[in-house]
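Inside the fold
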Amino acid sequence: MTAYLTKSCHFDIFLIYYGAMGKSIPPISEKTFSHFCGFIDDVIKRIENGSVIGLNRREQSYRINQLTKNKSSKIIDLKSYFLDDPEDLKLPNVNSNDKTAYLITNADSLFEEKQSFLAFFNNLVKKNSKFSLIFFFQHNITYPWNMKVLSSYQYLFQNIYFYPKYEKDDLKQFLIYLGNKFKNKIPTNTKNLILSHCGGNLWLIKEAVRYYVKTKDIKNIFDHQEMIFRLKVIYDELEEQEKRVFKKLIKQEANFTDDEKLVIDYLNKTNYISPLLKKFVSQKLAYENFLSLNQNNIILNSIPIDYFFSRSERKGLRYLLSFSNKLITRDELAKTLWSGNDDYTDWALDQFIKRLRNKLIKLGLDRQLIKTKKNQGFVLINSFINL
C-alpha cells in the first residue's frame, strides 16, 4: 500500500494555532485526517477506485462530512431505506465524459443484503473510465474468506487503505474537542484514566466524558449501563472469526492458525481493541462458562466435570466454590488440602493453584477466575454482570 503523507504541524503548535485564531478544534489531528484525505484525493485524481477499511459505521458519517465540506464528491449510503436494488440509484449517464467520484458508505452491506450491487458497480467503472468509487468498510475485506466474495470484481478494489489506529495526539485532541463540546473542563487525571481504559475507541471515550460531565462520578465511569451497551455493540460488530480469536487471546492460548494470525495482526492495527473491551469479553467468557457446585459435584454449564480434576484439585476447588467471591486465606485452603496438617510449604500451595488454573484454562475458563491476593490468600470470582 502506498503511504499517503501530507504536510502537518506538530500537535501542540497546532492547538496553539487554533486557539490563537479563535477556531474550534477539530475532533482528530491534522496529521491523521490529512493522511486519510490524501489517499482519497490521490485515488480520485487518478480516476481509480479504492476502499477504506476499519472505519466503523458510526464514524464514517463524521469523517465523510469533514471530507466533503469543500468537495463535490457524491455520497451513496448502502444502508438507505430507498435502495433495494441497483436500479434505485439515480446516477448520471454512464457514457458521460465528466469526472465523477462517489463515496459509498456502509459498504459492508455488499457482503449481506446488497450483494447484487457488486456486479452493478463493477460494470459501472468498467464501462466508464471517468468514474471513481471509494468504498468505506467497517470490516476487513482482505481476509481470505471475504476476498472469495470480492475476487470477481477486480475493477472495484484497486487501492486499499487501512484506517489508522489513533495516536496519542489524536486522543488528546479529541478530549479537548469534547471538553469544548460539553463546555466542561476535564481534569488531567480523569483524561489519563479515560485514555488508559478506552484505548483509541472514540465512541467509548465520548461516553466516558459524557457520563463524567453529567455525574462527576469517577467510580462508575466505565461500569454504567450506557457504557456496557456500547461495549456490547462493539463486540457484536466483530466478525465471528474475530470473536473466536479475541476469546483465544483472552484465554491466553498460544496456538493460532495462519488465518487467525491475520486477524490478530489486523485487530492490533485498528481502534477496536481496548482494555475495556478486553475486560468485557473476559467477563462474557466467564458468564458463558459458569462454574458451580451441585450436591458436592463440580458443574460447568450444567455438565459434571469432577473427573477432569485430581482428588486434591477437586477438594480445593469445591472449597473455593463454597466461598465464591470471598477471600480464602492461604492457611484455610492449605488445611483443606492437607487435612489440617500445618506442615506445608508456600511453594506447594502455589504449585497447587498453578495446576488448578491450568486445568480451568483447558476447560475454556479465564485463568483469573482464581485471583491471588498477595500475602493474604485467594478469591474465586464467580459472579459477573449480566451481559
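This text gives an overview of the structure that appears in the document. (Residues numbered from 1 in each chain as written. Predicted model: local features only at pLDDT ≥ 70, side-chain atom pairs only at ≥ 80, totals over all residues. Heavy atoms only, no water.)

1. Quick notes on helix H14 (residues 330–337)
Taken together, the buried positions of H14 are Arg330, Leu333, Ala334 and Leu337. Buried residues of H14, viewed axially, fall in a sector of 100°; they line one side. Packed against the buried residues of H14 are helix H13 (311–322), strand E9 (328–329), helix H15 (346–362) and strand E11 (377–380). Ser339 sits one or two positions beyond H14 and adopts a positive phi of about 50°. (Buried < 20%, exposed > 50% of the residue type's maximum accessible area, 1.4 Å probe, protein only. Helix = DSSP H or I, 4+ residues; strand = E, 2+ residues; numbered from the N terminus. Arc of directions from axis to C-beta. Contact = heavy atoms within 4.5 Å.)

2. Concerning the sheet that holds strand E4 (residues 131–137)
The strand order E2-E3-E4-E1-E5 describes an open sheet built from 5 strands, whose pairing is parallel. Looking at which strands have only one partner, the edges of the open sheet turn out to be strand E2 (74–77) and strand E5 (159–162). Mean inter-strand twist for the sheet, computed between neighbouring axes without regard to direction, equals 20°. Note: strand E3 (residues 100–105) against E4, 5 bridges, orientation parallel. Note that in E4 the partner of Thr100 across the bridge is Phe131. (Pairing = 2+ DSSP bridges. Axes fitted to C-alpha atoms, helices over the stretch in contact; angles between N-to-C directions.)

3. Thoughts on helix H2 (residues 30–45)
Taking 1.5 Å of rise per residue, 16 residues should cover 22 Å, and H2 covers 21 Å from first to last C-alpha, within 8% of that figure. Listed as buried for H2 are Thr32, Phe33, Ser34, His35, Phe36, Cys37, Gly38, Phe39, Ile40 and Val43. Next to the buried residues of H2 lie strand E1 (50–53), helix H3 (57–67), E3, E4, E5 and helix H6 (168–181). (Expected span 1.5 Å × (residues − 1).)

4. Details of empty space enclosed by the protein
A probe as big as a water molecule, rolled over the atoms, marks out the empty space that is left. Applying the stated criterion to the full structure yields 1 cavity of 30 Å³ or more. Estimates place the volume of the largest cavity at around 80 Å³. Taken together, Gly54, Leu55, Asn56, Glu59, Tyr163, Tyr166, Gly200, Asn201, Leu202, Asn271 and Tyr272 make up the full set of residues lining the largest cavity. Of the residues contributing to the lining of the largest cavity, the split by class is 5 nonpolar, 5 polar and 1 charged. (1 Å grid on protein atoms, 1.4 Å probe; cavity = no way out; pocket = protein on both sides within 12 Å on 5 of 7 lines; lining within 4 Å. Points joined across faces, edges and corners; volume = space filled by probe spheres on them. Nonpolar A, V, L, I, M, F, W, Y, C, P; charged D, E, K, R; others polar.)

5. Comments concerning the side chain of Arg330
By the element assignment, Arg330 lies in helix H14. Residues in contact with Arg330, not counting those within four places in the same chain, are Tyr344, Asp346, Leu349, Asp350, Gln376, Gly377 and Phe378.

6. Some thoughts on the nonpolar core
Residues Phe36, Phe121, Phe135 and Ile205 are the most contacted members of the largest nonpolar core, which totals 81 residues. Take this core: its biggest share by element is 8 residues, from helix H8 (residues 202–215). Other than its neighbours up to four places away in sequence, Ile205 contacts Leu171, Phe174, Leu175, Leu178, Ile194, Leu195, Cys198 and Gly199. Leu291, Leu321, Leu360 and Leu369 belong to the second largest nonpolar core, which has 23 residues in total. (Core = buried A, V, L, I, M, F, W, Y, C linked by side-chain atoms within 4.5 Å.)

7. Some details on the pattern of salt bridges
Taken as a whole, this structure holds 21 salt bridges when the rule is applied. The shortest N-O distance in the salt bridge between Glu240 and Lys243 comes to 3.4 Å. Placement of both Glu240 and Lys243 in helix H10 (residues 240–250) is noted, with a separation of 3 residues, approximately one turn of the helix. For Lys243, a relative accessible area of 12% gives the class buried. Across the pair Glu313 and Lys359 runs a salt bridge, and its minimum N-O distance is 2.7 Å. Of this pair, Glu313 sits in helix H13 while Lys359 sits in helix H15, and the two are 46 residues apart along the sequence. Using a relative accessible area of 4% as the deciding quantity, one classes Glu313 as buried. Salt bridges linked by common partners bring Arg57, Lys79, Glu112 and Glu113 together as one network. (Salt bridge = Lys/Arg side-chain N within 4 Å of Asp/Glu carboxyl O.)

8. Topic: the pairing of strand E7 (residues 297–300)
Across 4 bridges, the pairing between strand E6 (residues 291–294) and E7 is antiparallel. Counted as the bridge partner of Asn294 is Asn297 from E7. Across 2 bridges, the pairing between E7 and strand E8 (residues 303–304) is antiparallel. What sits directly across from Ile299, in E8, is Pro304. Between E7 and E8, which pair antiparallel in sequence order, lie 2 residues; one of them, Asn301, sits at a positive phi of approximately 50°.

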